[in-house]
Amino acid sequence: VFEFLACWRSPELATVAQMRQHPSVQHRMAAFLPKGVQLRDWIEHRIGGEIELRPGAKGGPEAVHLTESARATVVAKFQQMSAMGPPMGPCG
């Protein structure tokens, strides 16, 4: 999740649906989420203190909002991935 957010380049906020569609997130969901557990539920229960899911603008899909501590985590992840050089991990 934090790698996906470190790669996010759009000026718009990312949504859970966009996160779910990302190949890296899909791979990790298949490997680590128990059957029947939705990404949204996992986020709320495991990292809900860092990532908040709020209704999107004009009734759109839920948008991902970062707390201050999560912003620091995403920046650190971006710097770590940038140091690895191209391709930037899952941003590739």
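Residues numbered from 1 in each chain as written. Predicted model: local features only at pLDDT ≥ 70, side-chain atom pairs only at ≥ 80, totals over all residues. Heavy atoms only, no water.

> Would you mind showing me how to read the nonpolar core here?
For soluble globular proteins, the rule of thumb is that nonpolar side chains tend to be buried together. Counting residues in each nonpolar core, the largest one holds 18 residues, and the members touching the most others are L5, M19, I43, I51 and V64. Listed by contribution, the elements that provide at least two residues to this core are helix 1 (2-7), helix 2 (16-21), helix 4 (39-46), strand 1 (51-54) and helix 5 (68-83). Considering each element in turn, this core owes the most residues, 5 residues, to helix 1. Setting aside its immediate chain neighbours within four residues, M19 contacts V1, F4, L5, V25, L39, I43 and V64. (Core = buried A, V, L, I, M, F, W, Y, C linked by side-chain atoms within 4.5 Å. Buried < 20%, exposed > 50% of the residue type's maximum accessible area, 1.4 Å probe, protein only. Helix = DSSP H or I, 4+ residues; strand = E, 2+ residues; numbered from the N terminus. Contact = heavy atoms within 4.5 Å.)

> Can you walk me through the packing of aromatic side chains in this structure?
Within a pair of aromatic rings, the relevant descriptors are the distance that separates the centres and the angle that separates the planes. Applying the stated criterion across every chain yields a total of 1 aromatic pair. A centroid spacing of 5.4 Å and a plane angle of 40° characterise the contact between F4 and W8, whose relative ring orientation is tilted. Since its relative accessible area comes to 5%, F4 is described here as buried. (Phe/Tyr/Trp six-rings, centres within 6.5 Å; stacked < 30°, edge-to-face > 60°.)

> Explain unusual backbone geometry here, please?
Peptide bonds are, in most cases, trans, and in most cases residues other than glycine have a negative phi. For K58, which is not glycine, the phi torsion reads 55° and is therefore positive. Relative to the helices and strands, K58 resides in the loop between strand 1 and strand 2 (63-66).

> Any chance you could explain the pairing of strand 1 here in plain terms?
Along a regular strand, successive side chains alternate from one face of the sheet to the other. Burial of strand 1 is one-sided: the residues I51 and L53 facing one way are buried, the residues E52 and R54 facing the other way are not. As judged from the 4 bridges shared by strand 1 and strand 2, these two strands associate in the antiparallel manner. Across the sheet, R54 pairs through a bridge with A63, a residue of strand 2. (Pairing = 2+ DSSP bridges.)

> What am I meant to see in the layout of surface pockets here?
Gaps left between atoms are located by rolling a probe of water-molecule size over the structure's atoms. The space that makes up the largest pocket amounts to roughly 330 Å³. Lining the largest pocket are 15 residues; nearest its centre among them are L5, W8, L13, L66 and V74. Mapped onto the lining of the largest pocket, the elements with two or more residues apiece are helix 1, strand 2 and helix 5. Here the element with the most residues in the lining of the largest pocket is helix 5; it accounts for 4 residues. Split into classes, the residues belonging to the lining of the largest pocket amount to 10 nonpolar, 1 polar and 4 charged. What the second largest pocket holds in volume is close to 280 Å³. The wall of the second largest pocket is formed by 15 residues, among which V1, R28, M29, F32 and W42 lie closest to the centre. For the lining of the second largest pocket, the secondary-structure elements that each account for two or more residues are helix 1, helix 3 (23-32) and helix 4. A total of 5 residues in the lining of the second largest pocket trace back to one element, the largest contributor, which is helix 3. For the lining of the second largest pocket, the class distribution of residues is 11 nonpolar, 1 polar and 3 charged. (1 Å grid on protein atoms, 1.4 Å probe; cavity = no way out; pocket = protein on both sides within 12 Å on 5 of 7 lines; lining within 4 Å. Points joined across faces, edges and corners; volume = space filled by probe spheres on them. Nonpolar A, V, L, I, M, F, W, Y, C, P; charged D, E, K, R; others polar.)

> How do you make sense of the pattern of salt bridges when you look at a structure like this?
One side chain can pair with another of opposite charge once the charged atoms of both are near each other. Counted according to the given criterion, the structure contains 6 salt bridges. As a salt-bridge pair, E52 and R54 come within 2.5 Å of each other at their nearest N and O atoms. Residue class for E52 comes out partly exposed when judged on its relative accessible area of 30%. For E68, the salt bridge is made with R71, and the minimal N-O distance between the two is 2.6 Å. One end of the pair is E68 and the other is R71, both in helix 5 and 3 residues apart, which spans about a single turn. Residue classification places E68 among the exposed residues on the basis of a relative accessible area of 59%. Bridged by salt links that share partners, the residues E3, R28 and K77 form one connected network. (Salt bridge = Lys/Arg side-chain N within 4 Å of Asp/Glu carboxyl O.)

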